[in-house]
Amino acid sequence: VALVVTGGCIAAFAGPESAEATRGMFGDDEEYEFLGVFVLTGVFSIANGVFTCLVHFPSNNSSNLRGEKSASNYDDDDKIGYWQRIRPIVRKRHFSIPVLISAMSWII
């Protein structure tokens, strides 16, 4: 959620200005007119990921008071159980095909 919100804020405020500032950066040809903003969008995405990783969210201590396990105190047996629960979801076509299509769209 944090990546989406910060990405939207960056796009809203810096998007139009960066498009105008980088117009014609890679040449005056019509086909290269907006290549600068395309490259800058990648830079914004990398910076967004780095800065979001620097944010530390507080842990949810209320679940620990009730005796439930939080993500930080799972042992190896619980991790194996997690993968056994998630494997049927990953194997379904309704999940795997959209994931593959979205991955291919980022590769292309």
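Residues numbered from 1 in each chain as written. Predicted model: local features only at pLDDT ≥ 70, side-chain atom pairs only at ≥ 80, totals over all residues. Heavy atoms only, no water.

**A few points about the overall build of the protein chain**
Then comes step 1: Broken down by element type, the protein chain carries 5 helices and 0 strands.
Then comes step 2: Along the protein chain, from the amino end to the carboxyl end, the secondary structure elements read α-α-α-α-α.
Then comes step 3: Within the span of the protein chain, comprising 108 residues, buried residues form 8% of the whole.
Then comes step 4: Partitioning the intrachain contacts of the protein chain with sequence separation of at least 6 by distance along the chain shows that 35% fall at a separation of at least 24.
Then comes step 5: Within the structure as shown, the protein chain displays about 9,400 Å² of accessible surface, and the carbon and sulfur contribution to it stands at 65%. (Helix = DSSP H or I, 4+ residues; strand = E, 2+ residues; numbered from the N terminus. Buried < 20%, exposed > 50% of the residue type's maximum accessible area, 1.4 Å probe, protein only. Contact = heavy atoms within 4.5 Å. Areas by Shrake-Rupley, 256 points an atom, 1.4 Å probe, with all protein chains shown as cover.)

**So, the side chain of Thr22**
Then comes step 1: Here Thr22 is to be found in the loop between α1 (2-21) and α2 (35-53).
Then comes step 2: Excluding residues that lie within four positions of it along the chain, Thr22 makes contacts with Glu33, Gly36, Val37 and Leu40.

**Re the packing of α1 against α2**
Then comes step 1: Contact geometry of α1 with α2 gives a least axis separation of 10 Å together with a crossing angle of 145 degrees. Read as a crossing pair, α1 and α2 show a hand that is right-handed. Note on element contacts: α2 touches α1 through Val37, Leu40, Phe44, Asn48, Gly49 and Thr52, opposite Ala2, Leu3, Thr6, Gly7, Ile10, Ala14, Ser18 and Ala19.
Then comes step 2: Broken down by class, the residue content of the contact of α1 with α2 amounts to 8 nonpolar, 6 polar and no charged. (Axes fitted to C-alpha atoms, helices over the stretch in contact; angles between N-to-C directions. Left-handed = near helix turned anticlockwise from the far one by under 90°. Nonpolar A, V, L, I, M, F, W, Y, C, P; charged D, E, K, R; others polar.)

**As for a nonpolar patch on the surface**
Then comes step 1: A surface patch of nonpolar side chains, amounting to about 670 Å² of accessible area, comprises Met25, Phe26, Tyr32, Leu35, Phe38, Val39 and Val43.
Then comes step 2: Mapping Phe38 onto the fold places it in helix α2. (Patch = residues over 30% accessible without salt bridge, like charges linked within 9 Å, V, L, I, M, F, W, Y side chains within 5 Å. Salt bridge = Lys/Arg side-chain N within 4 Å of Asp/Glu carboxyl O.)

**As for the confidence of the model for the protein chain**
Then comes step 1: Predicted confidence across the protein chain gives a mean pLDDT of 76, with 78% of residues reaching 70 or more.
Then comes step 2: For the protein chain, helix α3 (residues 61-65) is the element with the lowest average pLDDT, namely 52, and α2 is the one with the highest, namely 84. (pLDDT = per-residue confidence, 0-100.)

**Some remarks on the side chain of Ser18**
Then comes step 1: By secondary structure assignment, the location of Ser18 is in helix α1.
Then comes step 2: Sequence-distant contacts of Ser18, that is, excluding residues within four places in its chain, are made with Val37, Leu40 and Phe44.

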